[in-house]
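Chain by chain, the residues:
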Amino acid sequence: TKITGFKYSLDYFRIYENKHIKVSADKNSIKRKPHFDKAFSRNMVKIFIPLNVEINSGPLKVVHKNIKARPKHYETNMKECTYFLGSGDLLYGMSPNMCWHHEGNPLKGKTSKQIMIQLNPSKNWCFRKDLHLRQTSAENKFPSFNSLFLKTTKII
């Protein structure tokens, strides 16, 4: 709240593991390309907690927001980015609709596990009552619209 001026609803979280993907000769065919999350609220925040992520295990890369053009290739060693590294001891936040970002491709035999928490602006600090039911579903791409119909539990 001190940084953004908003109170938030914890609407989604996921613990996941990225594994090595064999890249074809057409490296641009891979799904882990730099992207914005366009359909989300412009004030939505994602928090990441890397659990076993090192440089060789395909960390999430977030391009510094002063870079306006889409990075050309997913494997480009971008000097102007932040790598989300850690072993459960660090927490990173980002606005995914304002910063180019993408998951790295772990080296063969390596994986990266992390926790992602999605926070959407709300009248009060709260969490979705059905949060525990949503963990097997895909991430909701229109949380601003859907949050108008949510049942939440106030936490502060």
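Residues numbered from 1 in each chain as written. Predicted model: local features only at pLDDT ≥ 70, side-chain atom pairs only at ≥ 80, totals over all residues. Heavy atoms only, no water.

Structural notes on the nonpolar core
Next, step 1: Within the largest apolar cluster, 10 residues are counted, these being Tyr12, Tyr16, Phe48, Leu60, Val62, Phe84, Tyr92, Met94, Cys99 and Met116.
Next, step 2: For this core, the secondary-structure elements that each account for two or more residues are strand E1 (7-19), strand E3 (60-63) and strand E5 (92-94).
Next, step 3: Every residue in contact with Cys99, bar those within four places of it in the chain, is listed here: His35, Phe36, Val62, Val63, Lys65 and Met94. (Core = buried A, V, L, I, M, F, W, Y, C linked by side-chain atoms within 4.5 Å. Buried < 20%, exposed > 50% of the residue type's maximum accessible area, 1.4 Å probe, protein only. Helix = DSSP H or I, 4+ residues; strand = E, 2+ residues; numbered from the N terminus. Contact = heavy atoms within 4.5 Å.)

Some details on the environment of Arg128
Next, step 1: When you line up the elements, Arg128 lands in strand E8 (residues 126-128).
Next, step 2: C-alpha of Arg128 to C-alpha of Asp11: the two residues are 117 residues apart in sequence and 5.6 Å apart in space.
Next, step 3: Among the polar contacts listed, one links the side chain of Arg128 to the side chain of Asp130, at a separation of 2.7 Å. (Polar contact = N/O pair within 3.5 Å; in protein donor to acceptor, adjacent residues only side chain to side chain.)

Section: the environment of Asp89
Next, step 1: Positionally, Asp89 belongs in the loop between strand E4 (81-84) and E5.
Next, step 2: Only 3.0 Å separates the side chain of Asp89 from the backbone nitrogen of Ser87, close enough to count as a polar contact.

Observations regarding the pattern of salt bridges
Next, step 1: Considering all chains together, one arrives at three salt bridges under this definition.
Next, step 2: Linking Asp37 and Lys46 is a salt bridge whose minimum nitrogen-to-oxygen distance equals 3.0 Å.
Next, step 3: The class for Lys46 is buried, based on a relative accessible area of 6%.
Next, step 4: The salt bridge involving Asp130 is made with Arg128; its shortest N-O contact spans 2.7 Å.
Next, step 5: For Asp130, a relative accessible area of 26% puts it in the partly exposed group.
Next, step 6: Classification of Arg128 as buried rests on a relative accessible area of 9%. (Salt bridge = Lys/Arg side-chain N within 4 Å of Asp/Glu carboxyl O.)

A short note on the sheet that holds E3
Next, step 1: If you trace the three strands from one edge of the open sheet to the other, you get E4-E3-E6, paired in antiparallel fashion. Each edge of the sheet is formed by a strand with only one pairing partner; in this case those strands are E4 and strand E6 (101-103). Within the sheet, the average angular offset between the axes of one strand and its neighbour, ignoring direction, is 20°.
Next, step 2: Of the pairings in the sheet, the one linking E3 to E4 comprises four bridges and is antiparallel in character. Residue pairing across strands places Val62 opposite Thr82, the latter belonging to E4. (Pairing = 2+ DSSP bridges. Axes fitted to C-alpha atoms, helices over the stretch in contact; angles between N-to-C directions.)

Any functional reading would require information that these geometric values do not contain.
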